[in-house]
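# A closer look at the structure
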Amino acid sequence: MGRRFFVGGNWKCNGTSEEVKKIVSTLNDGQVPSSDVVEVVISPPYVFLPLVKSSLRPDFHVAAQNCWVKKGGAFTGEVSAEMLKNIDIHWVILGHSERRLLLGESNEFVGDKVAYALSQGLKVIACVGETLEQRESGATMDVVAAQTKAIAERISDWTNVVVAYEPVWAIGTGKVATPAQAQEVHFALRKWLETNVSAQVAESTRIIYGGSVNGANCKELAAQPDVDGFLVGGASLKAEFVDIIKSATVKSSA
């Protein structure tokens, strides 16, 4: 059985109540492939999780953009995996480059967060990716492998993990990895999983691409054999996100 296409929408730190209602309305009205063809996960800011959860169509899931590395307690400003489960949120994005770079989250810290979230029954979109400087120095796979290794050392079951390859130089810049560049890293990541985890995990784990994905480039990217979907930033706040979800048909008709 093939890997089900996956499209995540990361709204980041954007939106008001009224804007969120408009985006949700657009998504609810969108004519998209069925959930057996594409899995859709929407990730609004924390304060809008209940609003989106209660109003979004039932075939789309809702994710948090982050969660704490352990159970709750004296951790001001943090939200625990247990709290997310309590409000019926079953997905979380972890290790996004903005948190790695702006907040100093290390590979090991991200690995610990992934392991804890999984232990509490959450499903995880785990982000990896290199900076422009790292790419230009030829260190892309060294960086991505080290990020993935920190996760692999801490978990044994990959069933509820989606890996998101997000080249930092392509996030919010308008620059996009060419389909060939994306495929090259996705293929190498899958080979890494095969060598260092197992062939079964390598074959079944979805590796999605994030980095200025939009309605114009999504079909060509989706056609790559090791690109299993997208984690979409800015375009997930726009109507074209529906077109990106529809790109799943490129895979299902292949």
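Scroll up a little and you will see the structure.
What counts and what doesn't
Here the residue numbers are simple positions, counted from 1 along each chain's written sequence. The predicted nature of this model means local features are confined to residues of pLDDT at least 70 and side-chain atom pairs, given and counted, to a pLDDT of 80 or more, with totals for whole chains, interfaces and linings taken over all residues. As a rule here, side-chain values come from all non-hydrogen atoms in the structure, and water together with hydrogens is ignored. The secondary structure listing takes helices from DSSP runs of H or I that are at least 4 residues long and strands from runs of E that are at least 2 residues long, numbered from the N terminus. Based on C-alpha atoms, the radius of gyration is set beside the globule rule, defined as 2.2 Å times the residue count to the power 0.38. Only protein chains enter the accessibility calculation, which uses a 1.4 Å probe; a residue whose area is less than 20% of its type maximum is buried, one above 50% is exposed, and one in between is partly exposed. Whether two residues are in contact is decided by their heavy atoms, any of which lying within 4.5 Å being enough. Note on areas: Shrake-Rupley, 1.4 Å probe, and residue coverage restricted to the protein chains presented here. The charge count treats Lys and Arg as positive and Asp and Glu as negative. His and the chain ends do not count. Every charge is mapped onto a representative atom, which is NZ of Lys, CZ of Arg, CG of Asp or CD of Glu. Here, strands pair whenever DSSP counts at least two bridges between them. Clockwise travel from the first strand over the helix to the second, with the strands pointing away from the viewer, marks a crossover as right-handed. Patch building starts from residues that exceed 30% relative accessible area and form no salt bridge, then joins like charges within 9 Å and nonpolar side chains (Val, Leu, Ile, Met, Phe, Trp, Tyr) within 5 Å. A pair is scored as a salt bridge if a Lys or Arg side-chain nitrogen falls within 4 Å of a carboxyl oxygen belonging to Asp or Glu. Fitting a line to C-alpha atoms yields each axis, with helices limited to the stretch in contact; the angle taken between N-to-C directions then spans 0 to 180 degrees. Working definition: roughly parallel below 35 degrees, roughly antiparallel above 145 degrees, roughly perpendicular at 65 to 115 degrees, and oblique for all remaining angles. In this scheme the crossing of two helices becomes right-handed for a clockwise turn of the near helix relative to the far one and left-handed for an anticlockwise turn of less than a right angle. Side-chain classes follow a simple rule in which Ala, Val, Leu, Ile, Met, Phe, Trp, Tyr, Cys and Pro form the nonpolar group, Asp, Glu, Lys and Arg form the charged group, and the remainder, Gly included, forms the polar group.

## Focus: the overall build of the protein
- Secondary structure assignment for the protein yields twelve helices and eight strands.
- For 254 residues, the compact-globule formula gives about 18 Å, and the C-alpha radius of gyration of the protein, at 17 Å, lands near that figure.
- Principal axes of the C-alpha set define a box for the protein whose edges measure 45 × 45 × 35 Å.
- Relative to its 254 residues, the protein shows a buried fraction of 51%.
- For the protein, the share of sequence-separated contacts (at least 6 apart) that also reach a separation of at least 24 residues comes to 73%.
- Approximately 11,300 Å² of the protein is accessible, and the part contributed by carbon and sulfur atoms is 52%.
- Here the protein carries 25 positive and 28 negative side-chain charges, and the mean point of each set is 3 Å from the other.

## Describing the pairing of strand β3 (residues 60-64)
- The element β3 is extensively covered by neighbouring structure, given that four of its five residues are classed as buried.
- Pairing between strand β2 (residues 38-43) and β3: three bridges, direction parallel. When the bridges of β3 are listed, V40 appears paired with F60.
- Taken together, the two bridges between β3 and strand β4 (residues 91-94) define a ladder with parallel strand orientation. By the bridge assignment, A64 is partnered in β4 with V92.
- Since β3 and β4 lie parallel, the crossover through helix α3 (residues 81-86) that links them has a hand, and here it is right-handed.

## Quick look at a nonpolar patch on the surface
- A cluster of nonpolar side chains, namely L101, L102 and L103, defines an oily patch on the protein surface of about 360 Å² accessible area.
- By secondary structure assignment, the location of L103 is in the loop between α4 (97-102) and α5 (107-119).
- A residue is classified by how much of its surface remains accessible, and L103, at 54% relative accessible area, is exposed.

## Examining the packing of helix α7 (residues 140-152) against helix α8 (residues 179-196)
- Between α7 and α8, the least distance of the axes is 11 Å, while the angle of their chain directions is 40 degrees. Taken together, the axes of α7 and α8 lie oblique to each other. Handedness of the crossing formed by α7 with α8: right-handed. Contacts from T140, M141, V144, A145, T148, K149 and A152 of α7 reach α8 at V185, A188, L189, W192 and L193.
- Here the residues of the contact of α7 with α8 sort into nine nonpolar, two polar and one charged.

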